[in-house]
Amino acid sequence: MEESLFMGKVTAAMTHDMQNVLAIISEAAGLAQDLLVMSDDSVFPLKNRLIEVVGKIEGQVARGSEIVGELNRFSHVPDDKKRQEDMDAVLNQTIFLSAKLSRLNQVTLKVEQLEEPIILNYNPLKSRMLVYRTLEFLTPLVGKGSEIILKPVRFPDGKVGVCFKIKTSTSGKFKLEEIVNISSWGDLESEFVVEGVSIRPSENNILLSY
Amino acid sequence: MINWKVLLVDDEKDFVLTLAERLGLRGIEVITAFDGEGALQILKNCRPDVMILDLMMPGMSGSVVLEKVKKLYPGLQVIILTGMGSTPEGTTGVDLCAFEYLSKPVKIDDLIDKIGRAIKKGSAVN
């Protein structure tokens with residue numbers, strides 16, 4: 001079995017167990033809330049405070065469940081290496097998986113919706129990896145409060161790719177034209193060449209072409 | 001008092017018992033089973049309005065239970081409630097004969113709403 005398939009299979013099984021754990025926490029919190037609501041205020045003077053606390057537990061269960069659900073979908077990505085995919089789905093999932101990068105660097109990540117879908121015919125795991133790598137490179141550079149908008153594009157040569165539109169914050173000192181002088185940019189370019197894709201700056205954008 | 005009878009089948013005992021208690025507080029009678037074999041045994045003597053069924057269980061899987069239930073008791077509506085994150089389409093056609101496919105964790109009000117709809121459909125079929 002290939003490593004990525006093994007990793008995906010094990011992760012999928014673990015996420016299933018995690019959803020069960022979250023479901024038990026959710027039901028237990030729900031039951032506590034039911035019992036509190038039914039109880040007399042004189043018996044439980046802190047009833048409303050406790051209901052509030054249980055509400056927080058439920059909120060975090062919902063958050064955890066969303067993360068675990070997305071991780072489960074991601075774990076199935078290596079199942080089919082020749083899958084044709086809507087670029088929009090690839091970008092939205094990768095952005096979700098990049099939430100930590102976005103939060104740590106205080107950069108907002110968005111996907112620009114297209115009316116007509118652009119279909120990508122590329123290894124689904126690698127397509128996400130290359131978008132993630134680009135974001136990993138860009139998010140620390142663009143500055144706090146900046147925005148990176150990802151847009152699926154079809155290039156004149158028929159290839160499909162992603163345009164990373166960078167909107168720097170007023171306090172940001174990022175200059176896109178200087179990106180090529182950063183040593184890690186060269187590493188990124190070389191890494192992408194090995195995968196048979198290209199990455200280049202163009203006006204105010206970074207273009208990734210599969 | 002709602003007067004509904006639900007068979008809840010899941011190998012996660014804590015989940016089953018807690019959810020059963022919560023449904024009970026809302027006036028719903030709940031019969032519980034912790035595996036597929038146990039559920040089929042219960043159905044020999046008792047006819048719930050709706051069955052809530054997990055998919056991944058040791059022994060007989062939920063999809064096999066569903067298949068058997070649909071053969072033996074075609075009017076019984078089954079709601080799949082599972083921690084499996086994949087889409088219903090990815091679960092060997094389960095979506096074709098289950099009334100609804102829900103992912104854990106589920107909000108109690110959503111579950112009760114689905115139970116009510118399933119009972120309505122079951123009454124129309126029977």
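Since the structure is predicted, the reported quantities are computational estimates derived from the model, not experimental observations.

Visitor: Describe the sheet that holds strand β7 (residues 205-209) of chain A, and please don't skip the residues or the numbers.
Guide: All names here are of chain A. Read across the sheet, five strands follow the order β2-β4-β5-β7-β6 without closing on themselves; strand pairing throughout is mixed. The open sheet has two edge strands with one neighbour each: β2 (108-111) and β6 (198-202). For this sheet the average axis-to-axis angle between neighbouring strands, irrespective of direction, equals 20°. Here strand β5 (residues 160-167) runs beside β7; their pairing, made up of five bridges, is antiparallel. In the strand pairing of β7, Lys-165 is matched with Asn-205. Set on the sheet, helix α6 (residues 183-194) makes contact with β6 and β7; between it and β6 the angle comes to about 135°.

Visitor: Describe the sheet that holds strand β3 (residues 50-53) of chain B, with residues and values.
Guide: Residue and element names in this part refer to chain B. With parallel pairing, five strands are arranged side by side in an open sheet as β2-β1-β3-β4-β5. A strand with exactly one partner marks an edge of an open sheet, and here the two such strands are β2 (29-33) and β5 (100-103). Here the average twist between neighbouring strands, direction ignored, is 20°. As defined by bridge partners, β3 adjoins strand β4 (residues 77-82) across four bridges and the pair is classed as parallel. Looking at β4, one finds that Ile-52 is bridged to Ile-79. The strands that helix α5 (residues 108-125) touches are β1 (5-9), β3, β4 and β5; relative to β4, the one it contacts most, it runs at about 155°.

Visitor: Could you give me a rundown of the environment of B:Gly24, with the residues and numbers involved?
Guide: Along the chain, the position of B:Gly24 falls in helix α1 (residues 13-25). Spatially, the C-alpha atoms of B:Gly24 and B:Glu37 are 24 Å apart, while their sequence positions differ by 13 residues.

Visitor: Pulling in residues and values, what's your account of the pairing of strand β4 (residues 147-154) of chain A?
Guide: All names here are of chain A. Most of β4 sits inside the fold, with six of its eight residues counted as buried. Here β2 pairs with β4 via four bridges, running parallel. Bridge pairing in β4 places Thr-108 opposite Glu-147. Direction of pairing for β4 relative to β5: antiparallel, over a ladder of eight bridges. When the bridges of β5 are listed, Arg-154 appears paired with Val-160. Counting the residues that bridge the hairpin from β4 to β5 gives five residues, and of these Gly-158 lies at a positive phi of roughly 90°.

Visitor: Tell me about the environment of A:Lys110, residues and numbers included.
Guide: Residue and element names in this part refer to chain A. Structurally, Lys-110 is set in strand β2. Taking the relative accessible area as the measure of exposure, Lys-110 reaches 40% and is therefore partly exposed. Remark: the alpha-carbon pair of Lys-110 and Ile-148, spanning 38 residues in sequence, is separated by 6.4 Å. Not counting residues within four places of it along the chain, the set of residues in contact with Lys-110 comprises Ile-95, Glu-147, Ile-148, Ile-149 and Leu-150.

Visitor: Summarise the interface of chain A and chain B; cite the residues concerned and give the values.
Guide: Taken together, the contacts link 19 residues of chain A with 18 residues of chain B. Regarding the contact of chain A and chain B, the summed buried area is about 1,600 Å², with carbon and sulfur atoms giving 60% of it. For chain A, the biggest contributors to the area lost against chain B are A:His16, A:Ile24 and A:Glu27; these three give 37% of the whole. At the boundary of chain A with chain B, the tally comes to three salt bridges. Linking B:Arg22 and A:Asp34 is a salt bridge whose minimum nitrogen-to-oxygen distance equals 3.0 Å. Scanning the region where chain A abuts chain B turns up four residue pairs in polar contact (both at pLDDT 80 or more). Within the residue set of the side of chain A that touches chain B, elements represented by two or more residues are α1 (3-38) and α2 (47-75) of chain A. Top contributing element to the side of chain A that touches chain B by residue count: α1(A), with 14 residues. Class assignment for the residues of the side of chain A that touches chain B results in eight nonpolar, eight polar and three charged.

What counts, and where the lines are drawn
- In every chain, residue numbers begin from 1 and rise along the written sequence.
- As a convention, the first chain written is A and the first ligand written is 1, with the rest following in written order.
- Thresholds applied to this predicted model are a pLDDT of at least 70 for local features of residues and 80 or more for the giving and counting of side-chain atom pairs; totals over whole chains, interfaces and linings are not thresholded and use all residues.
- Remark: hydrogens and water are excluded; side-chain values derive from all non-hydrogen atoms of the structure.
- Strand pairing is defined by DSSP finding a minimum of two bridges between the two strands.
- Counting from the N terminus, the helices are the DSSP runs of H or I reaching at least four residues and the strands are the DSSP runs of E reaching at least two.
- Every axis corresponds to a line fitted to the C-alpha atoms, with the helix fit spanning only the stretch in contact, and the corresponding angles, defined between N-to-C directions, vary from 0 to 180 degrees.
- Should any heavy atoms of two residues lie within 4.5 Å, those residues are considered in contact.
- To sort residues, take the accessible area from a 1.4 Å probe on protein chains only and compare it with the maximum for the residue type: under 20% means buried, over 50% means exposed, and anything in between is partly exposed.
- Buried area is understood as the total, over both parts, of accessible area removed when two parts are fitted together, assessed with a 1.4 Å probe.
- Only one rule defines a salt bridge in this text: a Lys or Arg side-chain nitrogen within 4 Å of an Asp or Glu carboxyl oxygen.
- The term polar contact refers here to a pair of N or O atoms within 3.5 Å; inside protein, the definition further demands a hydrogen-donor-capable atom paired with an acceptor-capable atom, and it admits residues adjacent in sequence only when both atoms are side-chain atoms.
- Each residue is assigned to one class: nonpolar for Ala, Val, Leu, Ile, Met, Phe, Trp, Tyr, Cys and Pro, charged for Asp, Glu, Lys and Arg, and polar for all the others, Gly among them.

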